[in-house]
Amino acid sequence: CLALELGKGDILWTSPITFVASANCGRYCNAKVDFVDIDEKTGLISIEKLEKKLVKASKINQLPKVLVPVHLAGASCNMSEISKLSKKYGFFIIEDASHALGGEYNGHLVGSCKYSDVTVFSLHPVKIITSAEGGLATTNSSSIYEKLIRLRSHGITKDKKNFIGNSFELWRYEQQDLGFNFRLSDLNSALGLSQLKRLDKFIEKRNQIAKQYIHELSPLPLNFLLPMKNVKSSYHLFI
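Values in this document were obtained by computation on a predicted structure and should not be read as measured data.

Asks: Got a minute to help me understand the overall build of the protein chain in this structure?
Replies: Regarding its fold elements, the protein chain presents 6 helices and 13 strands. Against the compact-globule benchmark of 18 Å for 239 residues, the protein chain has a radius of gyration of 19 Å, which places it among compact chains. A burial count over the protein chain gives 41% of its 239 residues as buried. On the protein chain, roughly 14100 Å² of surface is accessible, and the fraction owed to carbon and sulfur atoms is 55%. Between the centroid of the 31 positive side chains of the protein chain and the centroid of its 23 negative side chains there is a distance of 0 Å.

Asks: Help me out: how do you make sense of the sheet that holds strand E7 (residues 104-105) in this one?
Replies: Two pairing modes exist for strands in a sheet, parallel and antiparallel, and in both the strands are linked by backbone hydrogen bonds. Judged by pairing direction, the sheet is antiparallel, and its 3 strands sit side by side in the order E8-E7-E13 without closing on themselves. Of all strands in the sheet, those bounded by a partner on one side alone are strand E8 (108-109) and strand E13 (231-232).

Asks: Looking at this structure, I do not really get the packing of aromatic side chains. What am I missing?
Replies: The relative placement of two aromatic rings is captured by the distance of their centres and the angle of their planes. Within this structure, the stated rule accounts for 5 aromatic pairs. Centroid distance Phe-180 to Phe-182: 4.8 Å. Interplanar angle 10°. Geometry classified as stacked. Phe-180 sits in the partly exposed class, given a relative accessible area of 32%. Pairwise contacts between aromatic rings join Tyr-213, Phe-224, Tyr-235 and Phe-238 into one cluster. Across the ring face of Trp-13, the terminal group of Lys-53 is positioned such that the distance to the ring centre comes to 5.2 Å. Its end group placed over the ring of Tyr-115, Lys-114 keeps NZ or CZ at 5.8 Å from the ring centre.

Asks: When you look at the pairing of strand E6 (residues 92-96) in this model, what are you seeing that I'm missing?
Replies: On any regular strand, side chains alternate: one points to one face of the sheet, the next to the other face. Of all 5 residues that make up E6, 4 are buried, and the element is covered over most of its length. Here strand E5 (residues 66-68) pairs with E6 via 2 bridges, running parallel. Within E6, the position partnered with Leu-67 by the bridge is Ile-93. With helix H3 (residues 79-89) bridging E5 and the parallel E6, this β-α-β connection has right-handed handedness. Across 3 bridges, the pairing between E6 and strand E9 (residues 118-122) is parallel.

Asks: Which parts of the structure should I look at to understand the nonpolar core?
Replies: The tendency in soluble globular proteins is for nonpolar side chains to be buried as a group. Among the nonpolar cores identified, the biggest contains 23 residues, and Trp-13, Leu-50, Leu-67, Ile-82 and Phe-91 are the most heavily contacted of them. Of all the secondary-structure elements, those providing two or more residues to this core are strand E1 (11-14), strand E4 (44-45), helix H2 (47-59) and H3. If we skip the residues at most four places from it in the chain, Leu-67 touches Trp-13, Val-36, Ile-45, Leu-50, Ile-82, Phe-91, Phe-92, Ile-93 and Ile-94. Counting 13 residues, the second-largest nonpolar core is a separate cluster that includes Ala-3, Leu-6, Val-68 and Leu-151.

About the thresholds
- Residues numbered from 1 in each chain as written.
- Predicted model: local features only at pLDDT ≥ 70, side-chain atom pairs only at ≥ 80, totals over all residues.
- Heavy atoms only, no water.
- Helix = DSSP H or I, 4+ residues; strand = E, 2+ residues; numbered from the N terminus.
- Rg over C-alpha atoms; globule rule 2.2 N^0.38 Å.
- Buried < 20%, exposed > 50% of the residue type's maximum accessible area, 1.4 Å probe, protein only.
- Areas by Shrake-Rupley, 256 points an atom, 1.4 Å probe, with all protein chains shown as cover.
- Lys, Arg positive; Asp, Glu negative; His and termini not counted.
- Charge placed at Lys NZ, Arg CZ, Asp CG, Glu CD.
- Pairing = 2+ DSSP bridges.
- Phe/Tyr/Trp six-rings, centres within 6.5 Å; stacked < 30°, edge-to-face > 60°.
- Lys NZ or Arg CZ within 6 Å of the ring centre and 35° of its normal.
- Right-handed = clockwise from strand over helix to strand, strands pointing away.
- Core = buried A, V, L, I, M, F, W, Y, C linked by side-chain atoms within 4.5 Å.
- Contact = heavy atoms within 4.5 Å.

Have a look at this one:
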């Protein structure tokens, strides 16, 4: 959110069926937070309700600067439709893919950012793969990438071509933002990379288990949250 320059007076929308992080990221930036209701069949942000809310917000000049769609339980939201609305109404998209590492949408891996500005993943121990703690972000934007790199390391850059000042000594660096000490350690990164090599096998196994659950539980009076036909879920959860 900081990389997208979300701040006081801005608005962030997200799903009400989520963890607190997808709303708190807006609160940390002093932005207002509001919610877009879900499609009860998928548990994901309803495109119909999102469009209606955008029409209403446009009339009162209360459009969001950032939308955070949440890929619940491993299944991607309808990102192509959300992307169309973002172009029409002018908001950024941060995919909360904490549940969806290894999943696919329209034949593209979640995290490709084909339909969004940034995708964030969690590598917490309960997730599909882990680095023991921490997470990662993906983007196709070089400017957002460079801002994220600075923010994770005290707002510092050592890249001379991006210097604001005129001193270019070998030892020199510039603090260009008020950043944080948010770098993932080498040990955590090594664990995450070793897990990443096993990701495809993990996803296939989870899909096999989900099919078994659906087969065995179908005779019971239950409804399942099922992904759309153009989605391959990572099945972080089976709901």
